[in-house]
Amino acid sequence: MKQDMIVILDLGSTENTVVAREIRDMGVYSEIHPHDITPEELNGLDNVKGIILNGGENRVVDGAAVDVSPALYDLGYPVMAIDHPTAKCVQKLDALPDEATLKKFVFDECKAEPNWNMKNFISDQVELIRQQVGDRKVLLALSGGVDSFVLLKTLKIRQGIVPFRFELMAVHLNPGFDPHSHTALLPWLAREGIPAHLEVTDYGPQAHSEQNLRRSACFRCAWLRRKRLFELCARYGLTHLALGHNAEDLVETFFLNLCRNGRGDGMSMCEPFFNGGLRLIRPLLLVEKKYILKAARQWELPVWANACPSAGHTARSAMAETLSGLYGLTKDARRSIFNGLIRWQ
C-alpha cells in the first residue's frame, strides 16, 4: 500500500523534523528533501499530495537566499511556505503553523489520506527491497573489520525474516601481512551456515613495495581487491556486491574529495557496474559507527586486528582527526554534518 506523502523542502529551517513529525502524527507520511530538488525528481516520488517550503534562519547563504526551482510551482501540487518571504504561493506563514492550520493544509487542500502507519511503511519498504534484491545472489566483502562483520550478521538475520529469497556468500581476501589472521573466521562461518571464498593474496606487501612508491599504498591495495572482487562475482554468478561502509565513511569520503579533488562527492548506496549486471551496495551507509560497535559486542563477533602497517596513518584517518575538531565547534556540529550529508545522499 503506497502512503500519501507531504514533501518538506529544506530552505534553511532548523525545524524540518518537527514539521515532519507533526504530519506523521496525523497519520500522513512525510519526507524532508533539499531545496534544490528538481521537478523531475519530485515527480518521481510516490503519491506526493503537497509541498511545504520550510525556510528559516539559515535560508541566506553567502549573502544570497536559497530558493526552489520556479518550475515546482507549475507541477500542480498545493504549496505552503513557512518563513520564506519570496515564495510564489498563496499560503505564506511567518512561523510554524498551529495544529489546526497544518491539518487544514494536509487534509483539505492536499486531500491526503491518513493511511500511514509503521506496518504499512515496513510493507512498502520490504517490497522495495524485494524489487532490488529479491531472488538475487549477494556477495559480501568481509575484511575482518567490525563493519563488514556486522553487515554479514545483519544480512544473515534478515535472510530468515524477509518474505523473499536471496542467497548470501562471504568472501575474504587476506591482504598478506598475516596469512593466518582470519583463522577465527572459519568456525564462525560454519556455525552460521554461510558459504564463503577465502583467499590469501599479496596485495598488501605489493602495495607497500618499492615498485609502488609513486602511488598510495592504500589506493593500490584497494584497487587490487576491487578488481578481484569483481572477478569473483563473475565466477560465482553473483548479482550484488555488499560493502560495509558506514556513515563516518560517507562523511570522511565527502570531505576527502572536497579537499583533495575539489569535488562534492560522497558514496552511493547502490552503484551499477557492467551495464547493470552487478550492483555494488552499501546497506550500512547511513548507520553510525557507535551502533555498529554495539552490535558487534552484543553478537560477540570474532573481529581481528588490522595488520596493515599503514593502519592509522592514512589520509582517511587524518581526515577523521580533522573532523573530530570540526565536530567540537558547536554541540550540534556532528549531528548537523551527518544529517546534512544523509539528506544530500
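Computed from a predicted model, the values in this text were never measured in an experiment.

A. A look at the packing of helix 9 (residues 247–261) against helix 11 (residues 315–327). With their axes 10 Å apart at the nearest point, helix 9 and helix 11 run at an angle of 100° to one another. By the angle class used here, helix 9 and helix 11 are roughly perpendicular. Packed against helix 9, whose contacting residues are Asp 249, Val 251, Glu 252, Thr 253, Phe 255, Leu 256, Cys 259 and Arg 260, the element helix 11 presents Ala 315, Arg 316, Met 319, Ala 320, Leu 323, Leu 326 and Tyr 327 at the interface. Looking at side-chain class alone, the contact of helix 9 with helix 11 contains ten nonpolar, one polar and four charged residues.

B. How the structure looks around helix 10 (residues 289–299). All of the buried residues along helix 10 are Ile 292, Ala 295 and Ala 296. With its buried residues spanning 100° around the axis, helix 10 presents them on a single face. Opposite its buried face, helix 10 presents the exposed residues Lys 294, Arg 297 and Gln 298, each directed more than 90 degrees away. Turning to helix 10, the residues buried within the fold contact helix 5 (146–159). Just downstream of helix 10 lies Glu 300, where phi reads positive at about 55°.

C. Just the pairing of strand 12 (residues 270–273), in detail. Bridge analysis of strand 12 against strand 13 (residues 278–281) gives four bridges, and the strand direction is antiparallel. Counted as the bridge partner of Cys 270 is Ile 281 from strand 13. In textbook terms, the turn of a hairpin is the stretch between consecutive antiparallel strands, and for strand 12 and strand 13 this stretch comprises four residues, one of which, Phe 274, has a positive phi near 55°.

Quick notes on the rules
- In this convention, every chain numbers its residues from 1, walking through the sequence in written order.
- Under the rules for a predicted model, residues below a pLDDT of 70 receive no local features and side-chain atom pairs below 80 are neither given nor counted, while totals for whole chains, interfaces and linings still include all residues.
- The side-chain values count all of the structure's non-hydrogen atoms but skip hydrogen atoms and water molecules.
- An axis is simply a line fitted to the C-alpha atoms; with a helix, the fit covers only the stretch in contact. Between two such axes, the angle follows the N-to-C directions and lies from 0 to 180 degrees.
- The secondary structure listing takes helices from DSSP runs of H or I that are at least 4 residues long and strands from runs of E that are at least 2 residues long, numbered from the N terminus.
- Note on angle classes: values under 35 degrees are labelled roughly parallel, values over 145 roughly antiparallel, values of 65 to 115 roughly perpendicular, and the remainder oblique.
- Only heavy atoms matter for contacts: two residues are in contact if any of them lie within 4.5 Å across the pair.
- Residues were grouped as follows: Ala, Val, Leu, Ile, Met, Phe, Trp, Tyr, Cys and Pro as nonpolar; Asp, Glu, Lys and Arg as charged; and all remaining residues, including Gly, as polar.
- Think of it in three bands: with a 1.4 Å probe and only protein chains considered, a residue is buried below 20% of the maximum accessible area for its type, exposed above 50%, and partly exposed in between.
- What the arc describes is the spread of directions from the helix axis to the C-beta atoms.
- A pair of strands counts as paired when DSSP detects no fewer than two bridges linking them.

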